[in-house]
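Coordinate inspection notes
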Amino acid sequence: MHISSMENMDRCYRRFVAGTELESRERLIVLDLGGADVNGSYRDVFRGPQYDYRGADLVAGEGVAIVLESAYEIPLEDASVDMVLSGQMLEHCEFFWKSFE
């Protein structure tokens, strides 16, 4: 992970989560698509005890809680996570817009 990527996610956290209702929840499930820990992880940004941080990736590895069979299908129930983020996957995904579906 590039240092600038971590800095940008920290900036995003401070802008959209810090001081909001999200940060005050007792439990917040965060799903990181492309979340393998390669030279760092956004888990460090979402470090409070209220965060249930789950990395999802195509290959098992450090920081990966969910191994995806397809980059275009997330094997979770609708509305089962509170926040979805991806800072390390889109540039590697051929049809990244299909991930948004």
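Keep in mind the model is a prediction, meaning the values are calculated, not measured.

Here the focus is the overall build of the chain. Helix and strand content of the chain: three helices and four strands. In terms of overall size, the chain behaves like a compact globule, its C-alpha atoms giving a radius of gyration of 13 Å where 101 residues would be expected to give roughly 13 Å. Across its three principal axes, the chain shows a C-alpha extent of roughly 35 × 30 × 25 Å. Buried positions account for 32% of the 101 residues belonging to the chain. Counted over contacts in the chain with a minimum sequence separation of 6, partners at least 24 positions apart contribute 57%. On the chain, roughly 6,700 Å² of surface is accessible, and the fraction owed to carbon and sulfur atoms is 51%. The chain carries 9 positive and 19 negative side-chain charges, and their two centres are separated by 7 Å.

Let's shift gears to the layout of surface pockets. By volume, the largest pocket amounts to about 360 Å³. Surrounding the largest pocket, 21 residues form its lining, Gly34, Asp57, Gln88, Met89 and His92 being those nearest its centre. For the lining of the largest pocket, the secondary-structure elements that each account for two or more residues are strand S1 (28–33) and strand S2 (51–57). Among the residues forming the lining of the largest pocket, the class breakdown is twelve nonpolar, six polar and three charged.

The tally for this structure, following the rule as stated, stands at six aromatic pairs. On the numbers, 6.4 Å between centres and 50° between planes, the contact of Tyr72 with Phe95 is tilted. Placement of the pair is Tyr72 in the loop between strand S3 (64–67) and strand S4 (83–85) and Phe95 in the loop between S4 and helix H3 (96–100), with a sequence separation of 23 residues.

A few words on the confidence of the model for the chain. Here the chain averages 90 in pLDDT, and 100% of its residues register 70 or above. Confidence, read as mean pLDDT per element, is least for H3 in the chain (78) and greatest for S3 (96).

Moving on, we come to the pairing of S1. Most of S1 is tucked away: six of the six residues are buried. Burial along S1 is two-sided: the residues Leu28, Val30 and Asp32 and Ile29, Leu31 and Leu33 are all buried. Direction of pairing for S1 relative to S2: parallel, over a ladder of six bridges. By the bridge assignment, Leu28 is partnered in S2 with Tyr51. Judged from the three bridges that link them, S1 and S4 form a sheet pairing that is parallel. For Asp32, the partnering residue across the bridge sits in S4 and is Leu85.

For helix H1 (residues 3–16), spanning 14 residues, the distance from its first C-alpha to its last is 20 Å, which sits close to the expected 20 Å at 1.5 Å a residue. Restricting attention to buried positions, one finds in H1 the residues Ser5, Met9 and Tyr13. Burial along H1 is one-sided: seen end-on, the buried residues are contained in an arc of 80°. Looking at H1, the residues exposed on the side facing more than 90 degrees away from the buried face are Ile3 and Arg15.

Cut-offs used in this document
Residues numbered from 1 in each chain as written. Predicted model: local features only at pLDDT ≥ 70, side-chain atom pairs only at ≥ 80, totals over all residues. Heavy atoms only, no water. Helix = DSSP H or I, 4+ residues; strand = E, 2+ residues; numbered from the N terminus. Rg over C-alpha atoms; globule rule 2.2 N^0.38 Å. Buried < 20%, exposed > 50% of the residue type's maximum accessible area, 1.4 Å probe, protein only. Contact = heavy atoms within 4.5 Å. Areas by Shrake-Rupley, 256 points an atom, 1.4 Å probe, with all protein chains shown as cover. Lys, Arg positive; Asp, Glu negative; His and termini not counted. Charge placed at Lys NZ, Arg CZ, Asp CG, Glu CD. 1 Å grid on protein atoms, 1.4 Å probe; cavity = no way out; pocket = protein on both sides within 12 Å on 5 of 7 lines; lining within 4 Å. Points joined across faces, edges and corners; volume = space filled by probe spheres on them. Nonpolar A, V, L, I, M, F, W, Y, C, P; charged D, E, K, R; others polar. Phe/Tyr/Trp six-rings, centres within 6.5 Å; stacked < 30°, edge-to-face > 60°. pLDDT = per-residue confidence, 0-100. Pairing = 2+ DSSP bridges. Expected span 1.5 Å × (residues − 1). Arc of directions from axis to C-beta.

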